[in-house]
Amino acid sequence: MSSVTTGLSALDRLDRLARLDTSIHRVDPRAKVIATAVFIVCVVSYGKYDLLGLLPFALFPVIMATEGGLPLGFLGRLLLVVSPFALVLGAFNPLFDREVVAQHQGER
C-alpha cells in the first residue's frame with residue numbers, strides 16, 4: 001500500500017471516529033476547547049524538571065481517548081509518526097537551555 005493510500009485511510013478512519021456517539025462526543029465543542037486550554041496552561045505552568053509532578057496530567061488524554069471510544073493502538077501509531085520530531089527537539093535542548101542545574105562544590 002502506498003504512503004498516500006495509507007494516509008488517506010488514516011484520515012478516513014479519523015473521520016469515522018469523529019462521528020461516534022459517546023459521552024465525550026456529545027459535550028459542547030467549546031467546553032472541550034476550554035478544558036484542553038486549561039490542561040495546556042496547567043502543564044506549561046510546571047517547571048521543566050518537575051516530571052513527577054506532571055505524571056498525573058497523563059491521565060487527561062488517556063481518559064478522553066478511552067471515554068471517546070478512540071482505539072489507543074491507532075492513536076499510538078499516529079503518535080509514533082510525530083515522536084521523531086519531539087526527540088529531535090529534546091536532543092537540541094542542551095543547546096538552547098544554558099541554565100546550570102547542578103554544580104559540584106569540590107573539597108575545601
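What you are looking at is a predicted structure, and each value in this text was computed from that prediction instead of being measured. Numbers given to residues run from 1 along each chain, matching the order in which its sequence is written. Residues qualify for local features only when their pLDDT is at least 70, as the model is predicted, and side-chain atom pairs are given and counted only at 80 or more; totals for whole chains, interfaces and linings, by contrast, use all residues. Excluded from the side-chain calculation are hydrogens and water; included are all heavy atoms of the structure.

Draft legend 1. How the structure looks around the overall build of the chain. The helix and strand inventory of the chain stands at 6 helices and 0 strands. Along the chain, helices (α) and strands (β) appear in the sequence α-α-α-α-α-α when read from the amino end. Compactness check: the chain gives a C-alpha radius of gyration of 19 Å against a globular reference of 13 Å for 108 residues, more than 25% above the reference. C-alpha extents for the chain along the principal axes are approximately 70 × 35 × 20 Å. A 1.4 Å probe rolled over the protein chains alone gives each residue an accessible area, and that area as a share of the maximum for its type sets the label: buried under 20%, exposed over 50%, partly exposed in between. The buried share of the chain, reckoned over its 108 residues, is 7%. Whether two residues are in contact is decided by their heavy atoms: any pair within 4.5 Å suffices. Long-range pairs, those at least 24 residues apart, make up 62% of the contacts in the chain between residues at least 6 apart in sequence. Surface accessibility in these figures is a Shrake-Rupley result with a 1.4 Å probe; residues are shielded only by whichever protein chains are displayed. Counting only carbon and sulfur atoms, one obtains 69% of the accessible surface of the chain, whose full area is about 9100 Å². Residues scored as positive are Lys and Arg, those scored as negative are Asp and Glu, and His as well as the terminal groups of each chain are ignored. To locate a charge, take atom NZ for lysine, CZ for arginine, CG for aspartate or CD for glutamate. Across the chain, the mean location of the 10 positive side-chain charges is 6 Å away from that of the 9 negative side-chain charges. Counting from the N terminus, the helices are DSSP H or I runs at least four residues long and the strands are E runs at least two residues long. When we talk radius of gyration, it's over C-alpha atoms, and the globule rule is simply 2.2 Å times the number of residues to the 0.38.

Draft legend 2. Representation of the pattern of salt bridges. In what follows, salt bridge is the name for a side-chain nitrogen of Lys or Arg lying within 4 Å of a carboxyl oxygen of Asp or Glu. Throughout the structure, instances matching the rule amount to 4 salt bridges. Ionic pairing is found between Arg26 and Asp21, a salt bridge with its closest N-O pair at 3.0 Å. Owing to a relative accessible area of 55%, Arg26 belongs among the exposed residues under this scheme. For Asp21, a relative accessible area of 61% translates into the label exposed. The partner of Arg30 in a salt bridge is Asp28, with the nearest N and O atoms 3.0 Å apart. Residue Arg30 is classed as exposed on the basis of its relative accessible area, which comes to 61%.

Draft legend 3. Just the environment of His25, in detail. Position of His25 among the secondary structure elements: in the loop between helix 1 (3-18) and helix 2 (29-44). Note on His25: relative accessible area 24%, which makes it partly exposed. Taking the C-alpha atoms as reference, His25 lies 10.0 Å from Met64; in sequence the two are 39 residues apart. Beyond its immediate chain neighbours, meaning those up to four positions away, His25 contacts Leu17, Ala18, Leu20, Lys32 and Gly68. Counting of polar contacts relies on pairs of N or O atoms within 3.5 Å, with two restrictions inside protein: one atom must be capable of donating a hydrogen and the other of accepting it, and residues adjacent in sequence are counted only when both atoms are side-chain atoms. Within polar-contact distance, the side chain of His25 engages the backbone oxygen of Leu17 at 3.1 Å.

By themselves, these are just geometric observations and shouldn't be taken as functional.
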